[in-house]
Amino acid sequence: MSDAFFHPVSGFDLPRFAGVPTFMRLPHVDLDHPRLKDVRIGLIGTPWDGGTTNRPGPRHGPRQLRDMSTMIRAGNGATGVRPFELVNCADLGDVGPNPASIEDSLTRITEFFDKVVAAGIIPLTAGGDHLCSLPILRSLAKKRPLGMIHFDSHTDLYKSYFGGMLYTHGTPFRRAVEEGLLDPKRVVQIGIRGTAYDSEDRDFADSAGIRVIPIEEFHARGAEDVMTEARGIVGEADTYVSYDIDFVDPAFAPGTGTPEVGGPNSFQALQVARLLEGVRIAGADLVEVSPPFDASGGTAFLGVSIMFEMLCNMAVSATS
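Residues numbered from 1 in each chain as written. Predicted model: local features only at pLDDT ≥ 70, side-chain atom pairs only at ≥ 80, totals over all residues. Heavy atoms only, no water.

Colleague: An account of the layout of surface pockets is needed here, citing residue identities and associated values.
Modeller: Rolled over the atoms, a probe with the dimensions of a water molecule shows which regions are left empty. Counted as a void, the largest pocket has a volume near 580 Å³. Around the largest pocket sit 28 residues that line it, and His 154, Thr 195, Tyr 197, Thr 258 and Glu 260 are the ones nearest its centre. When grouped by side-chain class, the residues that make up the lining of the largest pocket number 6 nonpolar, 12 polar and 10 charged. Approximately 460 Å³ is the volume attributed to the second largest pocket. What lines the second largest pocket is a set of 19 residues, and nearest its centre among them are Val 117, Ile 122, Leu 140, Asp 238 and Ala 282. Of all the secondary structure elements, the ones that give two or more residues to the lining of the second largest pocket are β3 (122-127), α4 (133-140), β8 (281-287) and α10 (298-319). When its residues are assigned to classes, the lining of the second largest pocket shows 9 nonpolar, 4 polar and 6 charged. (1 Å grid on protein atoms, 1.4 Å probe; cavity = no way out; pocket = protein on both sides within 12 Å on 5 of 7 lines; lining within 4 Å. Points joined across faces, edges and corners; volume = space filled by probe spheres on them. Nonpolar A, V, L, I, M, F, W, Y, C, P; charged D, E, K, R; others polar. Helix = DSSP H or I, 4+ residues; strand = E, 2+ residues; numbered from the N terminus.)

Colleague: Just give me the short version of the environment of Pro 264, but keep the residues and values in it.
Modeller: Here Pro 264 lies in the loop between β7 (239-244) and α9 (266-274). With 212 residues separating them along the chain, Pro 264 and Thr 52 place their C-alpha atoms 23 Å apart. Beyond its immediate chain neighbours, meaning those up to four positions away, Pro 264 contacts Arg 193, Ile 215, Phe 218, His 219, Phe 247, Val 248, Asp 249 and Phe 252. (Contact = heavy atoms within 4.5 Å.)

Colleague: I'd like to hear about the pattern of salt bridges, residue by residue, with values.
Modeller: The full count for this structure, using the stated rule, is 19 salt bridges. Across the pair Arg 59 and Asp 49 runs a salt bridge whose closest N-O atoms are separated by 2.6 Å. Here the residue Arg 59 occupies a position in the loop between β1 (41-46) and α1 (61-68), and Asp 49 occupies one in the loop between β1 and α1, the gap between them amounting to 10 residues. The buried category is assigned to Asp 49, whose relative accessible area is 3%. Note that Arg 274 is salt-bridged to Glu 309, the shortest N-O span being 2.7 Å. One end of the pair, Arg 274, is in helix α9; the other, Glu 309, is in helix α10, with 35 residues separating them in the sequence. Overall, Glu 309 belongs to the buried group, its relative accessible area being 6%. Beyond isolated ion pairs, a larger network of salt bridges with shared partners links Arg 211, Glu 217, Arg 221, Asp 225 and Glu 229. (Salt bridge = Lys/Arg side-chain N within 4 Å of Asp/Glu carboxyl O. Buried < 20%, exposed > 50% of the residue type's maximum accessible area, 1.4 Å probe, protein only.)

Colleague: Can you explain the side chain of Asp 152? Please cite residues and give values.
Modeller: Inspection of the secondary structure assignment puts Asp 152 in the loop between β4 (146-151) and α5 (172-178). Arg 193 is the oppositely charged side chain nearest to the buried, salt-bridge-free Asp 152, at an N-O distance of 7.2 Å. Polar side-chain contacts of Asp 152 include one of 2.8 Å to the side chain of His 150. Looking at Asp 152, its side chain comes within polar contact range of the main-chain nitrogen of His 154, at 3.0 Å. (Lys, Arg positive; Asp, Glu negative; His and termini not counted. Polar contact = N/O pair within 3.5 Å; in protein donor to acceptor, adjacent residues only side chain to side chain.)

Colleague: Describe the packing of aromatic side chains, naming the residues involved and giving the relevant values.
Modeller: The way to describe two aromatic rings as a pair is by their centre distance and the angle between their planes. Across all of its chains, the model carries 9 aromatic pairs by this definition. Judged by centre distance (4.9 Å) and plane angle (40°), the ring pair of Phe 151 and Tyr 243 falls under tilted. Highlighted residues: Phe 151 in strand β4 and Tyr 243 in strand β7, separated in sequence by 92 residues. For the pair formed by Phe 151 and Tyr 243, the shared burial category is buried. Clustering of aromatic rings is evident, with ring pairs tying together Phe 151, Phe 218, Tyr 243 and Phe 247. When the ring centre of Phe 293 is taken as reference, the NZ or CZ atom of Arg 55 above it lies at 3.8 Å. Directly above the ring of Phe 204 sits Arg 174, whose terminal nitrogen or CZ lies 4.1 Å from the centroid. (Phe/Tyr/Trp six-rings, centres within 6.5 Å; stacked < 30°, edge-to-face > 60°. Lys NZ or Arg CZ within 6 Å of the ring centre and 35° of its normal.)

Laid out in structure tokens, this is it:
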């Protein structure tokens, strides 16, 4: 029988517009809480965008995502999965970044996730810009490299920006491969598109063995076929899932810093997350929601809906 302490507050008991907005109305369990040891999946905010190279704002993403997540109910209408009855889930709060230092923020994020991993908790993270994924991977991949399914418009595989700056939201997965955090033969990137500075990132992907599925191929083949290949690439070993909201066409998700036209619609955005079924998910993130570019919260609502789809698969994976 599931633990009622970890159930979200129902809209039948407290209106959705009332109360303190935690992720999906779950209990807030900080890292010093006496019930931390009972949490299986922890939802975490990384309110930091120190790696942003153009339009800032994702530091405000976790707060808006929490607010919009009050719209999420306890059951998945498409799959029937009720994640909060399968495993104990909780909002673990935010990492406290250093807005004046990229290096210190990276350290702070890793130290926070070290404690999460030590407690045996699978993290589902709301960013923040995409550089947030690197320090999380440093915690999750200490023992062995992970595979990764990556939804994005951009590869984030560039070597550096501005003549040697190694840590931006365009470089996290290049660093992760170099540091041995990701097994490039078990990495697939889906939805890549848009204009480019050059081909350096794609050249690196080809040389390292990373599978890149551009948006033209995604649309030609369809989500189900592409995700069948993605599941085959990562196999049955531990896999990280990283989902940049700019994977979605800006007509459906305008609230992001680097939008690219021609992407999936909102249904396809949910569909690919739903098709993660069977993946052994060691952790996941949803990044680059930037409230200043969509104050209405529509992008955040889509983002947290994607998080719920990932959470459903994480909960099933955690119990199998």
